[in-house]
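Residue-level structure breakdown
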Amino acid sequence: MTLIQDLESRLAAAFHSVLGESVTAPVVAATDLRFGDYQSNAAMALAKQRKTNPRALAEQVIAALDLSGLGTADIAGPGFINFRISPETFAARAKAQLADPRLGVPLTGQPKTIVVDFSAPNVAKPMHIGHIRSTIIGAALASIARFLGHRVITDNHIGDWGTQFGMVTWAWKQCLDEEALLANPLQELLRLYRHASDLSKADDAVREACRQELVKLQQGDEENFEIWQRCIELSRAGLDKIYDRLDVSFDHWLGESSYDAALAPLVDRLLAEGLARESDGAVCIFSNGDPADPAKDPFLTRKDGEWTDFPMIVRKSDGAFNYSTTDIATVEFRRKEWNADAAWYVVDHRQSQHFQQLFAVAGRLDCAGMDLRHISFGTILGTDGKPLKTRAGDLPQLDDVLDEAVAAATTAVAERSRVETDQERADLAELIGISAVKFTELAHHRLSDYVFDLEKMLALHGDTAPYIQNSVVRCRSIFRKLDEEVDLASVNPLLAEDAEIHLARYLARYGEVLPTILDDHRPNLLTAYLLELARAYHSFFEACPVLKAEIPVRNSRLVLCELTIRVLVHGLGLLGIRCPERM
Ligand code: ARG
């Protein structure tokens, strides 16, 4: 049980004895430590409902409140209840947390089966900078949810069946360079794609030819199918390299092509059930008047001051199915085959209307009741404040961006690191460079745009991964200097100094912070927590000598150090970030 859970249940018991009925009394961490460690405004909310005096109610509740073994409470202002946790309680918590492999993080009371749909690049094109957000945020949310006790299924819904294959296939037949393909497959596929895409912009005949290649592929043409298979294999190898580098993996790779056979029967069923109808030769799903507010209806759009239809097309007039059709088949598959209660789509904000439509359609099908979320995010900007672009004006390729980060880390490592061999320096630079990019990605509110600034990301004294990693390394070095084995599990910590108490306070919050991340899918709550904890550790380290202290104090401080290492390493681990042994 976390301190919040403990306080909430004791507070609820006190309210029960005063009011004679069961109520929920939420407790949160205090925003200002001068008033206490935790606070509750339950007395004010409950008094308002009952039209009584909040302060008087709070006083009665405090009189009935049993905080033995926890701390004290008092009232502030019109009826806030503030809790102060005693140093002895924090000390006992630290001891228990050290003995707990879950580090005091409770399992969820309502485990769900959650599909996390993330990364999902369109293959035959290299991943670009935009894919990093989905990949990193998705992987972090998946591992946090899994650790909290959910059954998580990660699925890389790659775009392996769309229009780009018409283009690549057409260009493949025109001008494939086999040698280049062997040397650098993704670059050659990109060249083919760009060649076809540039020509088809200028020339309708080329565009039509590309479209025909796609139709042939989707109708099972052997030659096109073989080309497609080779493209997929080559792209897969290229993607795997990046995922290895990012330390990201998936339970499934059910790309768009996996649903091909389900699409025709799906559209027939939509038609038969009256959920879709023909319109100008295409098959579309329209508004059904729910919700009544047109501004909230994803099947309507405002044009010339009027609300007009904005249907979801599920079969184009040429007979082809599309992204939307596939997504409907996918959500049905996840419901039926995996028994999913929820699906999280970590996809950039420009697809928000698509997902609103998809979720509405799912609600009209057997997937009603599934909790479907579009976890959207903003854009990565260059230091000029505009979306990050290469000099040629393209989106930078992800691999290049990672190389650049590692190059910058190499310089930083050469300047400040004490590792000895070239190999160690190279490994460290790779680890630091990638960690810095990941941490920065996760540290921003996902909906805001952020500036990609390598210097800031790598700073040793900033809101960065290296700052936290460095705290861990420094903390570990204390143990290296310790000249005897100490059985930390048997130590009863004593907390006297403010800096010790403060560190223990933050350690105890780990189990309170993690579950809140899933409320709004915000990994930045974890990065913020880890930074706070590392700062608390640094203040402790300044104020409280460890190895030079008397044995009982030293051992107590060692418990705090060990726990700090474990929580920082564990928290970073959930974010997909490792800690080096030395820096
Ligand atoms: N391939 C898509 C893109 O790059 C993202 C797919 C997201 N997942 C989904 N089920 N629609 O835009």
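Structure: see above.
Rules used throughout
- Residues numbered from 1 in each chain as written.
- Predicted model: local features only at pLDDT ≥ 70, side-chain atom pairs only at ≥ 80, totals over all residues.
- Heavy atoms only, no water.
- Helix = DSSP H or I, 4+ residues; strand = E, 2+ residues; numbered from the N terminus.
- Buried < 20%, exposed > 50% of the residue type's maximum accessible area, 1.4 Å probe, protein only.
- Lys, Arg positive; Asp, Glu negative; His and termini not counted.
- Charge placed at Lys NZ, Arg CZ, Asp CG, Glu CD.
- Patch = residues over 30% accessible without salt bridge, like charges linked within 9 Å, V, L, I, M, F, W, Y side chains within 5 Å.
- Areas by Shrake-Rupley, 256 points an atom, 1.4 Å probe, with all protein chains shown as cover.
- Salt bridge = Lys/Arg side-chain N within 4 Å of Asp/Glu carboxyl O.
- Core = buried A, V, L, I, M, F, W, Y, C linked by side-chain atoms within 4.5 Å.
- Contact = heavy atoms within 4.5 Å.
- Near = heavy atom within 4 Å.
- Polar contact = N/O pair within 3.5 Å; in protein donor to acceptor, adjacent residues only side chain to side chain.
- 1 Å grid on protein atoms, 1.4 Å probe; cavity = no way out; pocket = protein on both sides within 12 Å on 5 of 7 lines; lining within 4 Å.
- Points joined across faces, edges and corners; volume = space filled by probe spheres on them.
- Pairing = 2+ DSSP bridges.
- Axes fitted to C-alpha atoms, helices over the stretch in contact; angles between N-to-C directions.
- Parallel < 35°, antiparallel > 145°, perpendicular 65-115°, else oblique.
- Left-handed = near helix turned anticlockwise from the far one by under 90°.
- Nonpolar A, V, L, I, M, F, W, Y, C, P; charged D, E, K, R; others polar.

A count of helical and extended segments in the protein chain gives 21 helices and 15 strands. Burial status across the protein chain gives 50% buried among its 583 residues. Charge separation in the protein chain, taken as the distance between the mean sites of 62 positive and 83 negative side-chain charges, equals 4 Å.

Time to look at a positive patch on the surface. There is a patch of like positive charges on the surface, built from R418, R480, K481, K548 and R582. With respect to the secondary-structure elements, R418 resides in the loop between helix 14 (398-416) and helix 15 (422-443). For R418, a relative accessible area of 70% puts it in the exposed group.

So, on to the nonpolar core. Formed by 155 residues in total, the largest nonpolar core has its most connected members in F15, F452 and L526. Among the elements that line this core, the one with the most residues is helix 21 (residues 551-574), at 10 residues. Leaving out residues up to four positions away in the same chain, F452 has contacts with I129, I380, L381, T383, L388, V401, V437 and M457. Counting 30 residues, the second-largest nonpolar core is a separate cluster that includes A276, F299, F359 and L365.

Close to the ligand lie D117, A120, N122, H157, Y323, D327, Y345, V347, Q351 and F355. A distance of 2.8 Å separates a nitrogen atom of the ligand from a polar side-chain atom of D117. Between the ligand and the protein, one listed contact pairs a nitrogen atom with a side-chain N or O atom of Y323 at 2.7 Å. The fraction of the free accessible surface of the ligand (350 Å²) that becomes covered by protein chains is 89%.

Turning to the layout of surface pockets, a few remarks are in order. Of the voids in this model, the second largest pocket is the one considered here, and its volume is about 980 Å³. Surrounding the second largest pocket, 36 residues form its lining, E512, V513, P515, T516 and D519 being those nearest its centre. Those elements that place two or more of their residues in the lining of the second largest pocket are helix 1 (3-19), strand 1 (28-29), strand 12 (342-346), strand 13 (371-375), helix 19 (510-517) and helix 20 (524-543). Looking at the lining of the second largest pocket element by element, the count peaks at 5 residues for helix 19.

The 3 strands lie next to each other as 7-8-11, forming an open sheet whose pairing is antiparallel. Single-partner strands in this sheet number two, and they are strand 7 (277-279) and strand 11 (312-315). For this sheet, the mean angle separating the axes of adjacent strands, direction not counted, is 50°. With 3 bridges connecting them, strand 8 (residues 282-285) and strand 11 associate as antiparallel partners. Paired with I285 across the strands is M312, a residue of strand 11. Most of the contacts of helix 11 (residues 260-272) go to strand 11, to which it runs at about 120°, and overall it touches strand 7, strand 8 and strand 11. Packing of helix 13 (residues 352-364) onto the sheet brings it into contact with strand 8 and strand 11, and relative to strand 11 it is tilted by some 65°.

With that settled, the discussion passes to the packing of helix 17 (residues 465-481) against helix 20. It is at 10 Å that the axes of helix 17 and helix 20 come closest, and there the two elements cross at 40°. The orientation of helix 17 with respect to helix 20, classified from their angle, is oblique. In this structure, helix 17 crosses over helix 20, and the sense of that crossing is left-handed. Residue-level contacts link Y467, I468, S471, R474, C475 and I478 of helix 17 to L530, L531, A534, R535, Y537, H538, F541 and E542 of helix 20. Each residue belonging to the contact of helix 17 with helix 20 can be placed in one class, and the counts come to 9 nonpolar, 2 polar and 3 charged.

Moving on: unusual backbone geometry. Here the amide bond leading from D290 into P291 is cis, since omega sits at 5°, within 30 degrees of zero. Examined against the element boundaries, P291 turns out to sit in the loop between strand 8 and strand 9 (300-303). Phi angles above zero are rare outside glycine, and K51 is one such case at about 50°. Following the sequence through the fold, K51 ends up in the loop between helix 2 (42-50) and helix 3 (54-64). Judged by its relative accessible area of 76%, K51 is exposed.

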